[in-house]
Amino acid sequence: MPREINATVPFSMLGYIHTATRGRPNAILSEVAARLTAQGVRVTGLVQFRAPQTGAHPCDMELMCLPGGQVFSIAQDLGRGASGCRMDIGSLETAVAQVEREIAQGAEVLIVNKFGAQESKGHGFSAAIAQALDRGVPVITVVNPLNIEAFLRFADGMATELTPEADAIMAWVAQKPAATPT
């Protein structure tokens, strides 16, 4: 079971974009990661690297781990007509472990491309998010309508909905105190 979020973390350390729109939030998070990195901020987490191709299942995407650039495909090819969950749990857990190592090495901002079904069940990146918050690292994620209730329970009143614009998110990050040294 993932650790609980430390109740001493400031209310606004967990920022999220709430949207049903596919694609645009991923571009925003990638832009924010690039801009923060250019400013010398150590950004950790995952952004969408390659969107699903035309005609592909919407889950067929690749994620890039920050800052190193390792790419993870987190969907399995179940073949035509398959309707089950396409999530490759092994690949997801490998990505989670990599992100947790990056957080431990001194992240200043954590970006998680999506608080999704796995996180809603207390798996996926939920422990990494808690780890970052425990260290005073601001976290940015995207939450779709299917997972918003679980996310708000997870956040326990400590999340701030962010305007889905790179400039607004950059301004939010600029308000954050420095991460606690480890």
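Structure's up top.
Residues numbered from 1 in each chain as written. Predicted model: local features only at pLDDT ≥ 70, side-chain atom pairs only at ≥ 80, totals over all residues. Heavy atoms only, no water.

*Asks:* Describe in detail the pairing of strand 3 (residues 62-66), supporting the description with residues and values.
*Replies:* Two elements, strand 3 and strand 4 (residues 71-73), share three bridges in a ladder whose sense is antiparallel. Residue Glu-62 lies in a different strand from strand 4, and its bridge partner there is Ser-73. In this antiparallel pair of consecutive strands, strand 3 and strand 4, the connection spans four residues, and Gly-69 shows a positive phi of 95°. (Pairing = 2+ DSSP bridges. Helix = DSSP H or I, 4+ residues; strand = E, 2+ residues; numbered from the N terminus.)

*Asks:* Explain the packing of helix 2 (residues 89-104) against helix 4 (residues 126-134) residue by residue, including any values.
*Replies:* Helix 4 packs onto helix 2 with a crossing angle of 5° between their chain directions and a minimal axis gap of 10 Å. Considering the angle they form, helix 2 stands roughly parallel to helix 4. Touching Val-99, Glu-100, Ile-103 and Ala-104 of helix 2 are Ala-127, Ala-128, Gln-131 and Ala-132, all from helix 4. Within the contact of helix 2 with helix 4, the residues separate by chemical class into six nonpolar, one polar and one charged. (Axes fitted to C-alpha atoms, helices over the stretch in contact; angles between N-to-C directions. Parallel < 35°, antiparallel > 145°, perpendicular 65-115°, else oblique. Contact = heavy atoms within 4.5 Å. Nonpolar A, V, L, I, M, F, W, Y, C, P; charged D, E, K, R; others polar.)

*Asks:* Now, about the packing of aromatic side chains: what can you tell me, with residues and values included?
*Replies:* Evaluated as defined, the whole model comprises three aromatic pairs. For the pair Tyr-16 and Phe-151, a centre-to-centre distance of 4.8 Å together with 55° between the ring planes defines the contact as tilted. Of this pair, Tyr-16 sits in strand 1 (residues 14-18) while Phe-151 sits in helix 5 (residues 148-155), and the two are 135 residues apart along the sequence. No difference in accessibility class separates Tyr-16 from Phe-151, as the two residues are buried. On the basis of an interplanar angle of 75° and a centroid distance of 5.0 Å, the ring pair of Phe-115 and Phe-151 is categorised as edge-to-face. Note that Phe-115 is positioned in the loop between strand 5 (109-112) and helix 3 (117-120) and Phe-151 in helix 5, a separation of 36 residues in sequence. Following the ring pairs from residue to residue traces out a cluster consisting of Tyr-16, Phe-115, Phe-151 and Phe-154. (Phe/Tyr/Trp six-rings, centres within 6.5 Å; stacked < 30°, edge-to-face > 60°. Buried < 20%, exposed > 50% of the residue type's maximum accessible area, 1.4 Å probe, protein only.)

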